[in-house]
Amino acid sequence: MKLCVVGGGSTYTPEFVDGLARLRDTLPVSELVLVDPDERRLEPVGALSRRILARYGHPGVIRTTTVLDEGVEGADAVLLQLRVGGQAARRVDETLPLGCGCVGQETTGAGGLAKALRTVPVVLRIAERVARLAPDAWIVDFTNPVGIVTRALLDAGHRAVGLCNVAIGFQRHFARALGVPPGDIRLGHIGLNHLTWERSVHLGEEDVLPRLLAEHAEEFAADIGLPSALLRRLGVVPSYYLRYFYEHDAVVAQQLDAPSRAEEVAAIEERLLRMYADPALDTKPELLERRGGAYYSEAAIDLVASLYADRGDVQVVNVRNSDRLPFLPPEAVIEVPARVTATGADPLPVDPVEPLFAGLIAHVTAYEELALEAALKGGVDRVTDALLAHPLIGQVSTATDLADRLVAANAAHLPWAVSA
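Residues numbered from 1 in each chain as written. Predicted model: local features only at pLDDT ≥ 70, side-chain atom pairs only at ≥ 80, totals over all residues. Heavy atoms only, no water.

Thoughts on the pattern of salt bridges
Enumeration according to the criterion identifies 29 salt bridges in this entry. Among the salt bridges present, the one from Arg22 reaches Glu298, with a minimum N-O distance of 3.4 Å. You can see Arg22 sitting in helix H1 (residues 13–22) and its partner Glu298 sitting in helix H13 (residues 296–309), a full 276 residues away along the chain. On the basis of relative accessible area, Glu298 is assigned to the buried category, the value being 14%. Among the ionic pairs, Asp93 bridges to Arg118, the shortest N-O distance being 2.7 Å. With Asp93 in helix H4 (residues 86–95) and Arg118 in helix H5 (residues 109–133), this pair connects stretches of sequence that are 25 residues apart. Through salt bridges with shared partners, one network takes in Glu15, Asp18, Arg22, Lys284 and Glu298. (Salt bridge = Lys/Arg side-chain N within 4 Å of Asp/Glu carboxyl O. Helix = DSSP H or I, 4+ residues; strand = E, 2+ residues; numbered from the N terminus. Buried < 20%, exposed > 50% of the residue type's maximum accessible area, 1.4 Å probe, protein only.)

Here you go:
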């Protein structure tokens, strides 16, 4: 099969290629095309990726190109992992909201909206080329904000599934704590992308989450930045991103006193690119673990394999709600376990969602609808409305101020902002 990665110059890519080489029996890729407009990144990433395949004795061929159509044409699946504006734009996403007393984060709150404004139009243009040049291909979106981007793709009629590594990270963590293989763990994962809770952890027929919380709550709490007492009281493990909601003011205070994550990642990426340029390097370096995206390769490969080979297994993905969460519209995109076949991902039935979680899910879903409308149609007023709807902002003076600042800071990526 032919696989295309758009944003293939990302320093993530060797992680994916390493997984592809190790899991060759899971996904029989004969050709991998890395597409990226940035040749400075694409060349060393592509060279290391070839060496990794060679080290494992994988027979596949890796090509690199700056021309989207060359990568997409005839592909069986297209993975999206692009970042419009690069780390420079991310730094603005993480720092500009702090000036208004709001969390600065690239996928949540005002920063997440800014990223959606830049990203959705670009992704839709890419998807149009996929529909023309590889009409049977599945689009797997790893590009944040995954929920909004996946909704845009599905609303436009594309064959798309959204993917995040939060669920697989929890699966691996819980499996280590229990001393069992990850495949033995089934998660009761519920919510939206970057707004999820683990409500159960099944090992066979037993829900072992109560045992995990009794024995490991402090460890889990430290990883996600929330009090262990909260986890025990609620009987769930929230995702790391819930700290932006449950500990908003404390997080803002921390962010004001620390370098942005974008600055840290930019420095890591420069070091990685220098390492990738070493012709003797044929393994992914340990430094890559600090870049983020743990287990991305396994999650992506499993998803593509199930879409390609009609495996019918269960994976946590971003998919249409349909009637699974009755308090949301059917067209909303949720992140839940789904059965994945060649026809797509069908979300499994979901137990009734507790009001504490359902209220926040509904609130953020409403924001995501307004965010998508702003990304598709533009306009400062639409941006303001989306910010006003977001539970982390929600005040008219703050929303108005932030909207003006975000549009001005991102004008180079927003054609409508230039003419406004």
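Some details on the state of the cysteines
Overall, the coordinates contain 0 disulfides when judged by the stated rule. A disulfide-free cysteine, Cys102 has its sulfur positioned 6.1 Å from the sulfur of Cys100, the nearest such atom. On the basis of relative accessibility, which here comes to 6%, the residue Cys102 falls in the buried class. (Disulfide = S-S within 2.5 Å.)

Digging into the UniProt feature "site: Increases basicity of active site Tyr" (unreviewed entry) in the protein chain
Those places that UniProt annotates as "site: Increases basicity of active site Tyr" (unreviewed entry) correspond, in this numbering, to Glu106. Within the secondary structure, Glu106 sits in the loop between H4 and H5. The exposure class of Glu106 is buried, given its relative accessible area of 8%. Among all residues touching Glu106, those that are not within four sequence positions of it are Arg83, Arg90, Asp93, Glu94, Gly111, Gly112 and Lys115. Within the structure, Glu106 has its side chain in polar contact with the side chain of Arg83 (distance 2.6 Å). (UniProt positions renumbered as here; feature names shortened; annotations may be inferred. Contact = heavy atoms within 4.5 Å. Polar contact = N/O pair within 3.5 Å; in protein donor to acceptor, adjacent residues only side chain to side chain.)

Thoughts on the nonpolar core
By size, the foremost hydrophobic cluster in this structure holds 147 residues, and its most contacted members are Leu3, Phe16, Leu32 and Leu387. Top contributing element to this core by residue count: H5, with 11 residues. The contacts of Leu32, once residues within four sequence positions are left out, are Leu3, Val5, Phe16, Val17, Leu20, Val61, Ile62 and Arg63. (Core = buried A, V, L, I, M, F, W, Y, C linked by side-chain atoms within 4.5 Å.)

Side note on the environment of His248
Its location among the elements puts His248 in helix H11 (residues 248–256). It is 7.9 Å that separates the C-alpha atoms of His248 and Cys102, two residues lying 146 residues apart in sequence. Those residues in contact with His248 that lie beyond four places of it in its chain are Gly101, Cys102, Val103, Arg243 and Leu392.

Concerning the packing of H5 against helix H6 (residues 146–155)
H6 packs onto H5 with a crossing angle of 35° between their chain directions and a minimal axis gap of 10 Å. The handedness of the crossing between H5 and H6 comes out as right-handed. On H6, the residues that touch Ala116, Thr119, Val120, Val123, Leu124 and Ala127 of H5 are Ile148, Val149, Ala152 and Leu153. Tallied by class, the residues present in the contact of H5 with H6 amount to 9 nonpolar, 1 polar and no charged. (Axes fitted to C-alpha atoms, helices over the stretch in contact; angles between N-to-C directions. Left-handed = near helix turned anticlockwise from the far one by under 90°. Nonpolar A, V, L, I, M, F, W, Y, C, P; charged D, E, K, R; others polar.)

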